[in-house]
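Listed below, chain by chain, are the residues.
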There are 2 protein chains.
Amino acid sequence: MTAPLHETHPSGPGRALPDTQQGMRRRNLARVMHTVSAEGPLSRAAVASRIGLTRAAVSTLVDELIRTGLLEELGPERPVRVGRGRPGSALAVSERGPAGLGAEIGVDHLAVCAVDLRGRLRARAVRHGSNRGRSPAPVIEELTRLVRRVVAEADEEGLWPAGLAVAVPGLVAGDARTVVRAPNLDWEDIDLGALLPAELPPTVDNEANFGALAELWLGEGTPRDFLHVSAEIGIGAGVVVDGRLLRGTRGFAGELGHVPVRPDGPRCACGGRGCLEQYAGEEAVLRAAGLEPDGDRVGLLAARATDGDENVRRALSDAGEALGVALTGAVNLLDPESVVLGGALAGLAPWLLPSLRSELARRTAGPACPVSVSRLGSEGPLLGAAHSVVRAVLDDPAAVAERDPG
Amino acid sequence: MTAPLHETHPSGPGRALPDTQQGMRRRNLARVMHTVSAEGPLSRAAVASRIGLTRAAVSTLVDELIRTGLLEELGPERPVRVGRGRPGSALAVSERGPAGLGAEIGVDHLAVCAVDLRGRLRARAVRHGSNRGRSPAPVIEELTRLVRRVVAEADEEGLWPAGLAVAVPGLVAGDARTVVRAPNLDWEDIDLGALLPAELPPTVDNEANFGALAELWLGEGTPRDFLHVSAEIGIGAGVVVDGRLLRGTRGFAGELGHVPVRPDGPRCACGGRGCLEQYAGEEAVLRAAGLEPDGDRVGLLAARATDGDENVRRALSDAGEALGVALTGAVNLLDPESVVLGGALAGLAPWLLPSLRSELARRTAGPACPVSVSRLGSEGPLLGAAHSVVRAVLDDPAAVAERDPG
C-alpha cells in the first residue's frame, strides 16, 4: 500500500524503469502529473506544449490519470485563466484520492500529518512529551494511534494513504526502515518497519534529510544546490545537489556536527575531538550559557537572548563562529548556491547569524556563500516526510493507481 | 566536431534528451554501446539479454551502430566464447573511427594523448618544462602543436578526433572553457576556447576532476561513491557520488585544500586561515622539510623519504595528519565508500598514509573510511580527459555519428 519513495530513497524502482514503451509511458505520466502539479490548472494543450509531446499523446495520458483519480477536470464552468480564449476544461491535481502521511519522532514530541496531492495539509495530530530514553515499543504504539487518527480524519475527506514516511533524529540504514543509532532517544538498531502497522510499511529517514527536502520542495526560491543545516539536539545537514539529496554510501552523509572545528578540542561521543557539536550543539550552548533547563531548551535560549542575557548571547555568538568554520569547509568541498539554517537553528538565527556570516566571509576570498533562514523551521521534517510520499505519487503515478483501494 | 561531454559536464544535451521515440532510440543506442564496451565481444543475442530488449530491437540498433562505424562485427571466423554453441558473429567496439583527445596543462609539463573507443591509448606526446608564470598564448601554441602531432599520428591508424578535453591546474567556469584562476600558472580569466584551434573546441576542466573520473572509469574495483584526493601544487578533491562528479554551483566543488584544519592557523591565499594547504600542500611540506628545490619536487621528497631523511619523513607524516583531519570532516559530510589518494599524493603515499589513516581512525567511532592509493597516479588527469571524450561518444552514439567526417 506504500508508494515507492524513489525520489527520496534510492531503493525505489523509479530510477530503474526500463527504457521500453512501457517505461516511457510511465515516465510521461509522471511528467504530466508534475506539470499540472507545478503549473495547473492547465488545459491539455498547455500541458502538451510544456512537456513537448503531441496533444494526442497527452490526451491519452491525461485520460488515464483522470480514470485513476489522480487528475480531475475542473470543467468549463470554472474558467481559470481569464482572457486567454475559451477556458476549455482545465486540469488540476485531484484533491481526493491518495495522500501522503508524514510522521515525526522527535526527542520531545510525536507528530503525524496528511498532505493531499495538491500539497495541502489536510489532517494533523501531535503529542508533546519527552521521548528520551523511552523504549521504542510504547513510543511507536503512541505514534500508531496518532497515525490512525489522522488516517480516519483524512478518510472522511475522501483521502487514502499512499504511503507513510517517518522522520527520526538519528542515522537510518539503507533499508529505509531501521534506525541504526538515535543517541538522544537512546535507540540502537530498531526496525521501525516491524513496529508500525503492517498495512502501512514506513519509509524512515533522518529528520535533517526530510528537513532539507521540505526546503527544496516548499521553500521560496530555494536553489537546486544547497546545504540545509538543522538541529534538534545534534547538528545535521542535508546536502542537496541538483535537486537530489546526497545520501552517502551507508546513508550517513550530512554529519556536519562531527566535522572537526578544533582538532585538539574536547572529546565527542562520535570518537572525534573538537567536533562542531562540541561548540554549537544544544548541550554545548546551554553549558556555555550556564543553563540547565528541561522542557523547551531552544525556546528558553531564544527568550533569554531576546531579553538581552549576555551569557546566552555570547554562547550563541560563539556557536555561530564554530558553525562558520565548519561551513567554510563544507562550502569549499561542495560549492552550494546557499546555506539554509533550519530546524531549531532557524529560531536562534538572529543571534547565530552575525558571527556565522562574518566567519564565512573572512575565510573566503571572493563573495561568501549566502546564508538564509528557513521559514519552515521546526515544521520542516514532518512536512518533508509527508511531501516525500506525495512526490513519489507524482514521480510514478502508474504505481499508485495500481494500488488504489477504491 | 566535438562530442558533447554530458557525462563529465552538465552542459551537454544528454541529460535532457526528450522522452520520445527518438530519445528512446538514442538512449538505447547508448545502452548497446556501453554493454558491448564493458563486456564485449558479445553476440546480438547476448546484448539483447543484457539490456532487456528484444533480439529484433537490438539488431536494428546494432545495424545502425555498425553502419556508422562505432561497432564492428568480428565475424564467425573468430569465435570468442568457446563452448557456447556456434559463435555467430561477435560484436566489438570499433578500433577505428572516433577517438578521444586528452590534453593536460601541468605546472611543469604539457601532454596530449588519443584514446580509441576501446579505451586503448593510441598516440601520445609530452613536453617537459615549467609553465609557471608563462603567459597563456605561447603555452597554448605549444599545446596546439602537440595536439596536431597526436591527431596526425591517430589519423594514420584510421582514427579521427571526436573531441578534445583539457585538464588544467585551476578553477574552470561553468562554460567549460574559461580558466577562472590557476594560481600556480598565474592565469586568471583565460578563455582557452579562443586560444585553441577552432576545429577542436575544447572541454576544459580541473585536473582533480579528470583525475577522479579516470579513477572511476579505469581504477580497479573503484566504488561509485568515493573521494579522490590529488595534488600537483595545491590540493584538490574530486567528489564522486553515484558514479557522477559533484561539481557545485559554480563548478568549484572539491576545494579540499581550503578546508580549515586549525581555525587560527597561518593565513592562506584563499583568504582563510589554517587551511589544509598550509599543512599538506607541496610548498608547506617543502618548507617544513627545509628544502627549496626547483624541478621535480615530489620526486625529491620521495627520494629523500626513501633514503630515511628524518626531516622529510616528519614533514610528510605531519601532512598526513592534517589530511586526516580534513578528510574526517569530508567523510562525515559525504559518507563515501572510500578515499583514493591520486596525483602527486600517490607517489608520497608510503609516508603520508600511516598518520592519515590513524587520524581518521581515532576520530571515528565505527570502522574508519578505507583509504587507498591510485595506480594511475599522475597519469590520471590526462587519461581522464581523453576518456571523457570516449564516454561522451558511448553516451550518445547518434550525436557522434552525425559528425563523422568520413
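Residues numbered from 1 in each chain as written. Chains lettered and ligands numbered in written order. Predicted model: local features only at pLDDT ≥ 70, side-chain atom pairs only at ≥ 80, totals over all residues. Heavy atoms only, no water.

Focus: the environment of A:R267
All names here are of chain A.
For step 1, the next point in the chain: If you trace the backbone, R267 turns up in the loop between β13 (244-245) and α7 (277-280).
For step 2, the next point in the chain: A C-alpha to C-alpha distance of 8.0 Å links R267 and Q278, two positions 11 residues apart in sequence.
For step 3, the next point in the chain: Ignoring any residue separated from it by four or fewer positions in sequence, one finds R267 in contact with G272, R273 and Q278.
For step 4, the next point in the chain: A distance of 3.4 Å separates a polar atom in the side chain of R267 from the backbone oxygen of G271.
For step 5, the next point in the chain: Reaching out from R267, the side chain makes a polar contact with the backbone oxygen of G272 at a distance of 3.3 Å. (Helix = DSSP H or I, 4+ residues; strand = E, 2+ residues; numbered from the N terminus. Contact = heavy atoms within 4.5 Å. Polar contact = N/O pair within 3.5 Å; in protein donor to acceptor, adjacent residues only side chain to side chain.)

Regarding the environment of B:A123
Residue and element names in this part refer to chain B.
For step 1, the next point in the chain: Relative to the helices and strands, A123 is located in strand β5 (residues 121-128).
For step 2, the next point in the chain: A C-alpha to C-alpha distance of 38 Å links A123 and P354, two positions 231 residues apart in sequence.
For step 3, the next point in the chain: For A123, the contacting residues outside a window of four places in its chain are V112, C113, A114, V150 and E153.

A closer look at the relation of the copies chain A and chain B
For step 1, the next point in the chain: Superposing chain A onto chain B takes a rotation of 180° combined with a translation of 0.0 Å along the rotation axis, leaving an RMSD of 0.0 Å. A rotation of that kind, with that shift, is consistent with a two-fold axis. Relative to the rotation axis, the closest C-alpha in chain A is found at A:R262, a distance of 3.0 Å.
For step 2, the next point in the chain: Both copies contact each other with a shared surface, as 100% of the interface residues of chain A are interface residues in chain B too. (Least-squares fit on C-alpha atoms with pLDDT ≥ 70 in both.)

Quick notes on the interface of chain A and chain B
Accessible area lost on assembly of the parts is the figure often given for the size of an interface.
For step 1, the next point in the chain: Each side of the interface is counted separately: chain A has 49 residues, and chain B has 49 residues.
For step 2, the next point in the chain: Of the roughly 4,100 Å² buried at the junction of chain A and chain B (both faces included), carbon and sulfur atoms supply 50%.
For step 3, the next point in the chain: Linking chain A to chain B there are 4 salt bridges.
For step 4, the next point in the chain: For the interface between chain A and chain B, the tally reads 24 residue pairs in polar contact (both at pLDDT 80 or more).
For step 5, the next point in the chain: Counting only elements with at least two residues in the side of chain A that touches chain B, the list comes to α1 (21-39), β12 (235-241) and α10 (310-334) of chain A.
For step 6, the next point in the chain: Counting residues per element, the side of chain A that touches chain B draws most heavily on α10(A), which supplies 7 residues. (Buried area = accessible area lost by both parts, 1.4 Å probe. Salt bridge = Lys/Arg side-chain N within 4 Å of Asp/Glu carboxyl O.)

Quick notes on the sheet that holds strand β11 (residues 226-231) of chain A
Pairing between the strands of a sheet comes from backbone hydrogen bonds, and it takes one of two forms, parallel or antiparallel.
All names here are of chain A.
For step 1, the next point in the chain: In space, the 5 strands of this open sheet follow the order β13-β12-β11-β14-β15, with mixed pairing throughout. The open sheet is flanked by β13 and β15 (371-373), the only strands paired with a single partner.
For step 2, the next point in the chain: Here β11 pairs with β12 via 6 bridges, running antiparallel. Each residue of the ladder has a partner; that of S230, found in β12, is G236.
For step 3, the next point in the chain: Taken strand by strand, α10 contacts β11, β12 and β14 (338-341), and its axis lies near 150° from that of β11. (Pairing = 2+ DSSP bridges. Axes fitted to C-alpha atoms, helices over the stretch in contact; angles between N-to-C directions.)

Details of the pairing of β11(A)
Residue and element names in this part refer to chain A.
For step 1, the next point in the chain: Counted residue by residue, β11 has 6 buried out of 6 residues, so it is predominantly covered.
For step 2, the next point in the chain: The two faces of β11 match: F226, H228 and S230 on one face and L227, V229 and A231 on the other face are all buried.
For step 3, the next point in the chain: In this sheet, β14 lies alongside β11 in parallel orientation, the contact comprising 4 bridges. Residue pairing for β14: F226 is matched across the bridge by S338. (Buried < 20%, exposed > 50% of the residue type's maximum accessible area, 1.4 Å probe, protein only.)

A closer look at helix α6 (residues 207-218) of chain B
All names here are of chain B.
For step 1, the next point in the chain: Between its first and last C-alpha atoms α6 spans 16 Å; for 12 residues at 1.5 Å apiece the expected length is 16 Å, and the two agree.
For step 2, the next point in the chain: Burial within α6 is extensive, with 11 of its 12 residues counted as buried.
For step 3, the next point in the chain: Taken together, the buried positions of α6 are occupied by E207, A208, N209, F210, G211, A212, L213, A214, E215, L216 and W217.
For step 4, the next point in the chain: Put simply, N206 is the residue that caps the front of α6, since its side-chain oxygen is 2.7 Å from the backbone nitrogen of A208. (Expected span 1.5 Å × (residues − 1).)

Let's talk about the domain arrangement of chain A
All names here are of chain A.
For step 1, the next point in the chain: When the domains of chain A are assigned, the result is domain 1 (13-93), domain 2 (98-211 + 381-402) and domain 3 (220-375).
For step 2, the next point in the chain: Look at where the C-alpha atoms of domain 2 and domain 3 centre, and you get two points 26 Å apart.
For step 3, the next point in the chain: Domain 2 puts 15 residues into the contact, and the matching count from domain 3 is 17 residues.
For step 4, the next point in the chain: For the pair domain 2 and domain 3, the two sides together bury roughly 1,200 Å², of which 46% comes from carbon and sulfur.
For step 5, the next point in the chain: Close ionic contact of R247 with D205 constitutes a salt bridge, the shortest N to O distance being 2.7 Å.
For step 6, the next point in the chain: On the surface where domain 2 and domain 3 come into contact, there are 1 residue pair in polar contact (both at pLDDT 80 or more).
For step 7, the next point in the chain: Mapped onto the side of domain 2 that touches domain 3, the elements with two or more residues apiece are β7 (171-172) and α6 (207-218).
For step 8, the next point in the chain: Taken together, the residues that form the side of domain 2 that touches domain 3 break down as 6 nonpolar, 5 polar and 4 charged. (Domains from an automatic or database assignment. Nonpolar A, V, L, I, M, F, W, Y, C, P; charged D, E, K, R; others polar.)

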